[in-house]
Every structure is written in structure tokens, then in C-alpha cells.
Amino acid sequence: MNSRVTQRLVQAAFVASIALLWHFATASGRVAPLLLPPMPAVGHELSALAADADFWPDLRTTLFELVMAFLLAAAAGTAAGYAVSRTRYAVRTFEPLMAGMYAVPAILLFPLYVLFFGLGPGSKIAIGATIAFFPVALSTVTGLSGVNRLYLTAARSMGASSGQTFRLVMLPAALPAILAGLRIGANAAFMAILGAETIASFAGLGHRIVSMAESMDTAKMFANIVLAMSVAAMINIAVSAAEKRGWKHEQA
Amino acid sequence: MSRPEPAVARLAVIALLLGIWEVAARAFGNPLFICPPSRVVASFAALFRDADVVEAVYYTSFEILVAFVIAVVIGFALGLAVGLHRFTRGAMYPVILLLYAMPQVTILPLFVVVFGIGAVSKIAFGVSHGVFPMIMTVAAGAQSIEPILLRSARSMGANRMQVLRYVVFPHLVPSFFAGMRLAMTAVLLGVLVAELYVSQAGVGRFTSAFTQTFQPANLFALIGVLAALAITLNELCRRAELRFSRWCAG
Amino acid sequence: MTPAAPAIRVQNVSQTYGAAGDPRRVVALGGASLEIARGEMVCLVGPSGCGKSTLLNLIGGLATPESGNIWIDGEPVRGPQPQKVAFVFQESALFPWRTIQENVELGMEFQGVPVSERASRARESLATAGLSAFASHYPRQLSGGMKQRAQLARALALRTGILLMDEPFAALDEQTRMVFGEELSLLLANAGKTIVLVTHSLTEAVFLADRVAVFSARPGRIKQIVSVDEEHPRRQSFMTSPKLAQLRNELYDLLHDEIRSTMNLPVAEPGQ
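Residues numbered from 1 in each chain as written. Chains lettered and ligands numbered in written order. Predicted model: local features only at pLDDT ≥ 70, side-chain atom pairs only at ≥ 80, totals over all residues.

**Notes on the overall build of chain C**
And step 1. Scanning chain C from N- to C-terminus turns up 8 helices and 10 strands.
And step 2. The C-alpha atoms of chain C give 19 Å as radius of gyration, which agrees with the globular expectation for 272 residues (19 Å, within 12%).
And step 3. Overall, chain C is about 60 × 50 × 45 Å in size when its C-alpha atoms are taken along their principal axes.
And step 4. Of all 272 residues assigned to chain C, the portion counted as buried reaches 42%.
And step 5. The long-range share in chain C, meaning contacts at least 24 apart out of those at least 6 apart in sequence, stands at 70%. (Helix = DSSP H or I, 4+ residues; strand = E, 2+ residues; numbered from the N terminus. Rg over C-alpha atoms; globule rule 2.2 N^0.38 Å. Buried ≥ 20, exposed ≤ 12 C-beta atoms within 10 Å, placed from the backbone. Contact = placed C-beta atoms within 7 Å.)

Take a look at the structure:
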């Protein structure tokens, strides 16, 4: 496969050609400005975002929902994963169950959450937590039950208590896997929340995109889409960096 | 006391959870928001006597299957292009990675603006989700063909088409089915999310209606059916994969 | 004068893996007996699967024998005894998320050494093993031989009377093993510890040990014990001496038939 540099160059070339196509499509008048607004208009809307009265509250709402959903999923997922990993029997019984449930699009539960929690942040937090729960729980099970037996034997031979064995051997050994699960969960939660805000909400980044679409203000809609994608990318970078810190002994 | 088989234990746990749900919903649940599983089961029959609901489920299944077929075909073709030729790989793979990384849920309203509120936007969104895992899997499979196999076929006088037919395609069978399985999961997500967003003739219309009119039993029942549909389709793909990959070692 | 009580006493120990009726059930040890004096170094050799590692684990209290008894310093063994017994394992049992020095300190933390003493004892132990320069390195950054030295440093820092080593050099190449053997002999000569070392290498066994216990094939028993009468620390000249070669040949003869029987090959007729 190409090196990262060539990959980045190709991607940049792609983006540039899209931009060129876009410019020609809008400048020549071939595409209706309602469908595809001219680039300068989108650029203008992007810079106007910060001044938009609703923008900061919407951003705060989405981020608040994300943090709450993630904390819930992290707590429940690691606890459930820990409980299941304790015996091989539990792993054999519950792990396929969790993996199977993961395959069904959990977003289907969202209408139920809306029915129960309403259109506010509650339903978004609930769906975000539900969707993020599975990767966290599954990776916790894999991480804890996959600890090399030799580490546990060595610790026992040196007199480690079960508390010491868990705290000082099992947790550090399982940490890379658990952190990977938390990263996947955080990203999944954000996608779920954006989706939920798109489907049924009166606030948040997803909702902004929908309301711009409904009022046919496509320039603003594009601007908000770019914004939402940028936030997603930043979240991904942040959680990936956090995950890497747990691996630092591997990169020494 | 010997432990029950894991399968039995799983069923027991599910039964236990259903039991707790039943008791809790009856005791504390506000019937506007929540209902016990017994009421859900009871409303099944009435719900599916409603021709409109049944038609909506068929319509959505149709959207899923069409999106699936298109995603598999396009994904397979692009996957081959990426996996077999260094030039196309270099030109296309970075672009595919870039597009794959985009959170597609943000452009769902855009899809609807462009394709309308009918089946086309659902199918398009489904294809948009399903095509990526197919491309990645097929490309990886195509890349893993040992060059010696291709060379020995050519040295025996095989032309392009023959090499494809007798060396490449058989090798790609496991990747094809694995990609299909992943594509199905992704297509399901895409189509169902689009349906929940806006729907004219599909199930989304009813999920909205049941939510807004506080009919938890009907909503549960409908979601249950959709979940069963998803599980069945995923399982079919999984079994197909197992059957056709039997010749693979390990 | 009554002779000193043996540091380790194994009496008629048997161990079986697998439940009754399980087709994979195997009798690992079938009545092994052995006495090891304080400060002695004994190597266990034998064909694969003869129970050498099993016996080591039983001595260290990591498992309980099905039948028979084991005493350490006159006390019956009922579980791991971190104050008396330290292990060095076959593969790297160093914790990869900690530096070498932290690994040594962690061992002491498990054993119950007060915090204030851990750092200095760790440094001392690493110096003995020649790893002072690598104290802040992670196991991943070390070669196989250095990792085993680090494990040995961790075991030595525990200041136990007994050291049990389970094929510690199995992952190293032949040449490194030979050089290591000399280093190890030097290191352990003055330590005064009782050492039991399991190895597949007959050369290593003769070079290092006071006595070599030869196991029979499964179910394992101790077939014979060969004495190596040579002063410690063993010198390089001993490695290439005729005495070592003769003892090694003696071990080979003892093992030959045992190994053939594990490979299901017919045992040679006497006189062949």
C-alpha cells in the first residue's frame, strides 16, 4: 500500500478536484443554487456560525449528551464486561449474546426512548449509551479473559493477593483492549447521538442540519454538515490520543 | 450440580429479563410510555392485521434488499479494481478511506434533499453504507492472492478472462461472502436510520406515528419485527458465508 | 552428628491431569521421590512430558499432588510460599507494562517487602545481574537473554532460600546458553541458594548441577541420580573437559531408551 504521504497527496488531490467540480457546477449555473450553493456562500456561513445565537447552545447540548452517554456506557460496559469475564462459563454463555445483540441496529430502540424520555437530551443520552455499551463490554471481556496465564501464575508464585493480582496484573494487561473498546464506544456514541438528533430533536448539531434542510437554506446546511464532521474528527483524534497513552509501554 | 449448557443458560437469562420487564412494567410503568411484554405480544396480531403496516414492512424489506444487491455489485467491482491493480489501488484506496471515515449520518438530510422522501433516498443511503465494507473485504482478498498463482496461470497461457475466472474468482469466494455479511449489517443500518428520519411508504411512518400517539405496545411490536428481520438477514448471510467457505483451511 | 534436614523432600508424588473417563487423561508423575540438600543445585532432565515441570510446580506449591508428600524445610507444602521459594519461568514472565526495575520492585511488593526497601534492593539485584544500565527499559526493548536475566534479578531480589527454574534458557540459542551457563554458575555460586533447574540440555545440566536427576518417560519417576563432583563456580574449561563429556554421555545412555519409548520406537535389545 502507498505510504502515508502519497495517501495524503491523493486525498488532497481528490478534495481539490471535488472543489473544482463544485466551483464549475455552481459558476456555470448548471446546478440550481438551492441544491448546491456556491462555495463562497458556504464559506461565509461557516464563519458566521460562531456569531449564530443558537450555535453554542446546540454544540453544548450535543457534547453534553455525548459525555453523559459515554460515562454511562463506560461504567456499565466495564462493569458488565468484568462480571462476565470472571468465569469461563459466563464468557461462553454471555459473550455470544452480547456479540449477537451488537449486530442488530440498536438505533431501532430510539423511537422507544423518545416515547419514554421525550425529545430532549434524555433520549439521545439513552441511545448513545445503549449503542456504546456493546463495544466497551465486549472489549472488556476479551481483555480481561485474554490475560496471559503466565502473568497470573508468576504473580501467585510471588505471593500476590487476589486484589493485587487484579489491580496490578490483570487490569494493566487488559488495559490496551479496554481502551480500544472505549474509543470505539465514544465514536459510536457520537454517531448515534448525531443520528438521533437528526431523527427527532429540537436541539443539537444534528438538529441544526435538519432545520436548515427543512428551511431549504442549503448554504447553512452545508456549513453545519462541515462543522458536524469536523467535531466528529476532533473527537476521534482526542480519544485515539487518549487510547495511545495506555499503550506507551509498547511504543518505548 | 452440573451447569446447564450455555445455550440453555442464555435462554434462561433472557426469560428472566423478560420476567423482570413484565413485573416492573405492570407495577410501575405508566401505560403511556411503557408496557409489559405480554401486552406487546397481544398487540402483534392486531397490528399485523392492519394491511398498511404489513405493506410498510414489505416496502422496507424491499428497500433493504435492493440496497443490498446494489451495494454488493458496486462494492465487488470497486473492490476488484482496488485489490488487483497497483495503479487503481494507489488512486482509489486513499479516497475510499477518506469517504469511509466520514460520519454519513450528517449527510442524511442532504440525501433526502437530493433524492426525495421516497424509497430512492433510503436505498441510496443504504448503498452508501454497505458499499464500503464490501470494497475493503474484497480488496483485501484480491490483494492476498499469491502472485505465484497468477504468474503460473499466465505462464500456462491463460488470458485475462481465464485468469480472472479460474484463479481470482475462486480465491475471492470467502472474501465475497464475508464482505456480503458485513455489507448486510451496514445496509440495514443505513436503510433503517433513513426510514426513521423520514418515511412515506415504509415503516418509518408508523414508528413516528406510534411514538407521537403514545402507543408503546404497537411500537415495541413493530420494532420487534424489524429486529427479527435484521437478525434473520444477518444470520442468512452468516450461514451462506460458512457454507461457501468450507474449503478454506482453518 | 545428625545430617542436616533436606531443604526439599519429595516423597512418592503422583499427579494426573484430566478427570476419570476423559480420553485425554494423562498420568504426569507416577511416584517420584527426591531429596535436595540445602545449598545444593539439582537439575531435572528427561523426555518431554515426563513431569519435570509438573514436579517443579508442585514443589513451589502452585499445584497440589494427587498423592504423595512434599516438605520444604521440614514443613509440608500447602500452597505458594513466596518467602521461601522464587520461580524463574520458561517464557518471559516479565510484565510488559512495567520497566525492568519496576518489575523487580513489583515482585517484592507481592511478597510484602516494605516500600522503603524495594528500590535499593531492586538496584542491587539488577547490578548483580549486570542490568543496571537497562533499569528504565521495558521488556520489549530487551533481548531474550537479557529478559531472562531480568527475571532472575526479580527472583533474586526476593531473597528466598530456594530458586526453582523451569527451562529458563529454552528460548535462547545454543551459544548464548553456554555463555549464560558460565554467568549463571558465577552468579549462583555465592548465593548459597538451593536450586532446582529443569532443562532439556544435558550439557547445561552437567555444567551447572551438583546432581542431575534423570526422569523416566511418562508416568514420570526418577530413574537415576548422577552426581557431578566439581567445584563451584564452574569454569569455562569445565565446559570443554572430557569429564563433562563423559557425564553427559552417561546421561544420554540413561535417557536414550526413555526417549525412544516416548516416540513409540522399539527399545534396543541389550548388546546392540
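**Here we look at the overall build of chain A**
And step 1. When you go through chain A residue by residue, the secondary structure sums to 10 helices and 0 strands.
And step 2. The linear arrangement of helices and strands in chain A, starting from the amino end, is α-α-α-α-α-α-α-α-α-α.
And step 3. Taking 2.2 N^0.38 as the reference for a compact globule, 252 residues should give roughly 18 Å; the C-alpha atoms of chain A span a radius of gyration of 23 Å, well beyond that estimate.
And step 4. Principal-axis analysis of the C-alpha atoms places the extent of chain A at approximately 75 × 50 × 30 Å.
And step 5. For chain A, with 252 residues in total, the buried portion stands at 42%.

**Things to note about the sheet that holds strand β3 (residues 41-45) of chain C**
All names here are of chain C.
And step 1. If you trace the 6 strands from one edge of the open sheet to the other, you get β6-β7-β8-β3-β9-β10, paired in mixed fashion. Each of the sheet's edge strands pairs with one partner strand only, and the pair in question is β6 (85-88) and β10 (222-227). The sheet shows a mean angle of 20° between the axes of neighbouring strands, direction not considered.
And step 2. One ladder, built from 5 bridges, connects strand β7 (residues 162-166) with strand β8 (residues 194-198); its direction is parallel. Within β8, the position partnered with Met165 by the bridge is Leu197.
And step 3. Of the strands in this sheet, β3, β9 (211-215) and β10 are in contact with helix α8 (residues 242-262), which crosses β10 at around 175°. (Pairing = 2+ DSSP bridges. Axes fitted to C-alpha atoms, helices over the stretch in contact; angles between N-to-C directions.)

**Comments concerning unusual backbone geometry**
Residue and element names in this part refer to chain C.
And step 1. Positive phi outside glycine occurs at Asp73, with the angle close to 50°.
And step 2. For Asp73, the position within the fold is in the loop between β4 (67-72) and β5 (75-76).
And step 3. Unusually for a residue other than glycine, Glu167 sits at a positive phi of about 45°.
And step 4. Position of Glu167 relative to the elements: it lies in the loop between β7 and α5 (174-189).

**Quick look at the interface of chain C and chain A**
And step 1. Opposite the 20 residues of chain C that make contact, chain A presents 17 residues.
And step 2. With 4 residues, the top contributor of residues to the side of chain C that touches chain A is helix α2 (residues 100-111) of chain C.
And step 3. A breakdown of the residues in the side of chain C that touches chain A according to their chemical character gives 13 nonpolar, 5 polar and 2 charged. (Nonpolar A, V, L, I, M, F, W, Y, C, P; charged D, E, K, R; others polar.)

**Some thoughts on the interface of chain B and chain A**
And step 1. Listed by partner, the interface residues are 41 residues for chain B and 37 residues for chain A.
And step 2. Counting residues per element, the ones that place at least two in the side of chain B that touches chain A are α1 (6-28), α4 (86-101), α5 (108-115), α8 (160-197), α9 (204-212) and α10 (216-244) of chain B.
And step 3. Taken together, the residues that form the side of chain B that touches chain A break down as 33 nonpolar, 6 polar and 2 charged.

**Overview of the environment of Gly107(C)**
And step 1. With respect to the helices and strands, Gly107(C) occurs in helix α2.
And step 2. Of the residues examined, Gly107(C) has 31 C-beta atoms within 10 Å and is grouped as buried.
And step 3. It is 9.9 Å that separates the C-alpha atoms of Gly107(C) and Leu94(C), two residues lying 13 residues apart in sequence.
And step 4. Once residues within four sequence positions are removed from consideration, Gly107(C) is found in contact with Met158(A), Arg154(C), Ala157(C) and Leu158(C).

**Topic: the nonpolar core**
And step 1. Counting 204 residues, the largest nonpolar core has Ala132(A), Ala189(A), Ala183(B), Val187(B), Val45(C) and Ile59(C) as the members making the most contacts within it.
And step 2. For Ile59(C), the residues in contact, after removing those within four places along its chain, are Ile8(C), Val10(C), Ile70(C), Val77(C), Leu164(C) and Val196(C). (Core = buried A, V, L, I, M, F, W, Y, C linked by C-beta atoms within 7 Å.)

**Observations regarding the domain arrangement of chain A**
How big an interface is tends to be stated in terms of accessible area lost as the parts join.
Residues and elements named next belong to chain A.
And step 1. Here chain A is described as being made up of domain 1 (1-31) and domain 2 (35-245).
And step 2. Contacts between the two partners involve 6 residues from domain 1, matched on the other side by 4 residues from domain 2.
And step 3. Of the residues belonging to the side of domain 1 that touches domain 2, the class tally is 4 nonpolar, 2 polar and no charged. (Domains from an automatic or database assignment.)

**Let's talk about the sheet that holds strand β2 (residues 26-36) of chain C**
Residues and elements named next belong to chain C.
And step 1. Pairing is antiparallel across the open sheet formed by 4 strands, whose spatial order is β2-β1-β4-β5. The open sheet has two edge strands with one neighbour each: β2 and β5.
And step 2. Both strand β1 (residues 8-17) and β2 contribute to a ladder of 8 bridges, which runs antiparallel. Residue pairing in the sheet places Arg9 in a bridge with Glu35 of β2.
And step 3. Helix-sheet contacts for helix α1 (residues 52-59) involve β1, β2 and β4, and the interaxial angle to β1 is about 120°.

**Notes on the packing of α9(B) against α10(B)**
All names here are of chain B.
And step 1. Running from amino to carboxyl end, α9 crosses α10 at an angle of 155°, the nearest separation of the two axes being 8 Å. Overall, the two elements α9 and α10 adopt an arrangement that is roughly antiparallel. For the pair α9 and α10, the crossing hand works out as left-handed. Residue-level contacts link Phe206, Thr207, Phe210 and Thr211 of α9 to Asn218, Leu219 and Leu222 of α10.
And step 2. Its residues placed into classes, the contact of α9 with α10 shows 4 nonpolar, 3 polar and no charged. (Parallel < 35°, antiparallel > 145°, perpendicular 65-115°, else oblique. Left-handed = near helix turned anticlockwise from the far one by under 90°.)

**Here's the deal with the domain arrangement of chain C**
And step 1. Each assigned domain of chain C is listed here: domain 1 (1-84 + 162-175 + 191-272) and domain 2 (94-159).
And step 2. Looking at the side of domain 1 of chain C that touches domain 2 of chain C residue by residue, the class counts come to 6 nonpolar, 1 polar and no charged.

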